[in-house]
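Here is how the chains run, residue by residue.
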Amino acid sequence: MTAHHRAPVTVIGLGAMGSALTRALVAAGHPTTVWHRLPGPVDEPVATGAVHAATLVEAVSASPLVVVCVMDHRAMREIVNSLGDAPADRVVVNLTPGSAEEARQTAEWVAARGVAYLDGALLTPPAEVGGEQALAFYAGPKQVYREHEATLAALGGSATYLGEDVGLPALYEVALCGVLWSAWAGLLHALALVSAERVATADFLPHATRWLEQVVAPCVPGLTADVERRDYPGTTLGREAVAIERLVAASRARGVDEGLPGYLLARTEQAIRHGHAGDGFASLIEVLRSPAAE
Ligand SMILES: NC(=O)c1ccc[n+]([C@@H]2O[C@H](COP(=O)([O-])OP(=O)(O)OC[C@H]3O[C@@H](n4cnc5c(N)ncnc54)[C@H](OP(=O)(O)O)[C@@H]3O)[C@@H](O)[C@H]2O)c1
């Protein structure tokens, strides 16, 4: 498709993310109309080639595809409530972050107004929107997604369609953020430990990086396969518990917070009580799924 034939798109909300979305769409050659609640941030998108619509209804009328990225789902609903006599044959792509439950409720709310709805999650900072590293998830009616897939590709290099359940992008997002925070917290705990012995964090850094790349990341497919099969080979939890106890003790000895390894030890011991002493680390999933079962 040549730039002359790129589909028109409207972007609602010109915060940091909305502005980045606009830049990416304009750069990809899409005729882009923008609307923002307050007059402030329209100059930059207009300077890059976007058209500023004076009203929300005008903005929605300008393009069949309307991308919304605002503060939260409440703001999103206020916008949908204000659509007035804008044409109903629009597709709204909601990139506003929220929970899976909010996404499902918003989808119903939007559908009640006769507007098609796709939900999406962009796991990327504004500066990387449109780039190869951008990670994007979408869900909603398959045919609607396929119709607009090429346009949405302008927002992120790696987009995945997750199916009809519009709650899934938010669920993927929060689950992946959980992986990120747990990994980061583990690293920070390690840095606290070694720096307590005056080890320069820069000296530790190459080893932490190698550990993450060569040991931690390569285990992800195997752990996931174990969870899928509910069969947990590998170093046994009994042995892991002894090693985790050493981490708790090392933290305590240096006055470093032992909450993180302490939590791991508690769950490992719980899994052992549940009969997983001879199973591998992935068997922790059993107590994570049923934490109340002592
Ligand atoms: N920035 C990041 O790095 C990043 C990365 C990923 C996800 N996110 C998330 O993406 C969302 C947007 O991020 P952002 O950085 O663009 O936030 P932002 O710069 O604070 O912008 C929020 C936008 O929401 C609009 N808004 C709020 N309430 C509204 C309402 N009732 N009606 C219409 N518009 C309304 C604001 O308009 P007004 O100016 O008129 O209030 C503004 O355009 C946030 O939930 C944020 O947490 C941000």
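None of these values were measured; they are calculated from a predicted model.

Asker: Could you clarify how one ought to interpret the overall build of the protein chain in this entry?
Answerer: Tallying secondary structure elements over the protein chain gives twelve helices and eight strands in all. Summarising its shape, the C-alpha atoms of the protein chain cover approximately 65 × 40 × 35 Å along the three principal directions. In the protein chain, buried positions account for 33% of the 294 residues. Summarising the internal contacts of the protein chain: among those between residues at least 6 apart in sequence, 61% fall at separations of at least 24.

Asker: Sorry, what's going on with helix α8 (residues 201-216) here?
Answerer: Side chains three or four residues apart in an α-helix point the same way, a direct result of the helix having 3.6 residues per turn. Over its 16 residues, α8 runs only 20 Å from end to end, short of the ideal 22 Å by more than 12%, given 1.5 Å per residue. Little of α8 is tucked away, with zero of its 16 residues classed as buried.

Asker: Sorry, what's going on with the sheet that holds strand β6 (residues 116-122) here?
Answerer: The strands that make up a sheet are held in pairs by hydrogen bonds between backbone atoms, and each pair lies either parallel or antiparallel. One open sheet holds the eight strands; their spatial order is β3-β2-β1-β4-β5-β6-β7-β8, and the pairing between them is mixed. The sheet is open, and its two borders are formed by β3 (51-52) and β8 (158-161), each paired with just one other strand. In this structure, β6 lies alongside strand β7 (residues 135-139), joined through four bridges in antiparallel fashion. When the bridges of β7 are listed, Asp119 appears paired with Ala139.

Asker: So what exactly am I meant to see when it comes to the domain arrangement of the protein chain here?
Answerer: As far as domains go, the protein chain holds domain 1 (3-164) and domain 2 (196-289). Measuring from the centre of the C-alpha atoms in domain 1 to the corresponding centre in domain 2 gives 41 Å.

Asker: Hey, could you run me through the site of the ligand in this one?
Answerer: By nearness alone, 19 residues border the ligand, and Gly15, Ala16, Met17, Arg37 and Ala75 come closest of all. Where the shell around the ligand is concerned, the elements lending two or more residues are α1 (16-27) and α4 (73-81). The class makeup of the residues in the shell around the ligand is twelve nonpolar, four polar and three charged.

Asker: Is there a simple way to explain the nonpolar core in this structure?
Answerer: Judged by nonpolar contacts, the single largest core of 51 residues is most densely connected at Ile12, Leu21, Val66, Val67, Val68, Val93 and Leu155. Top element by residues in this core is α1. It accounts for six residues. Leave out the neighbours within four places in its chain, and Val66 touches Thr10, Ile12, Val60, Arg90, Val91 and Val92. One finds Tyr232, Leu237, Ala282 and Val287 within the second-largest nonpolar core, a separate group that totals six residues.

Asker: Hey, could you run me through α1 in this one?
Answerer: The terminal C-alpha atoms of α1 lie 17 Å apart, and with twelve residues this matches the ideal 16 Å at 1.5 Å per residue to within 8%. Of all twelve residues that make up α1, ten are buried, and the element is covered over most of its length. Where α1 is buried, its residues touch β1 (9-12), β2 (32-35), α2 (43-48) and β4 (65-68). A positive phi of about 90° marks Gly29, the residue just after α1.

Quick notes on the rules
Residues numbered from 1 in each chain as written. Predicted model: local features only at pLDDT ≥ 70, side-chain atom pairs only at ≥ 80, totals over all residues. Helix = DSSP H or I, 4+ residues; strand = E, 2+ residues; numbered from the N terminus. Buried ≥ 20, exposed ≤ 12 C-beta atoms within 10 Å, placed from the backbone. Contact = placed C-beta atoms within 7 Å. Expected span 1.5 Å × (residues − 1). Pairing = 2+ DSSP bridges. Domains from an automatic or database assignment. Near = placed C-beta within 6 Å. Nonpolar A, V, L, I, M, F, W, Y, C, P; charged D, E, K, R; others polar. Core = buried A, V, L, I, M, F, W, Y, C linked by C-beta atoms within 7 Å.

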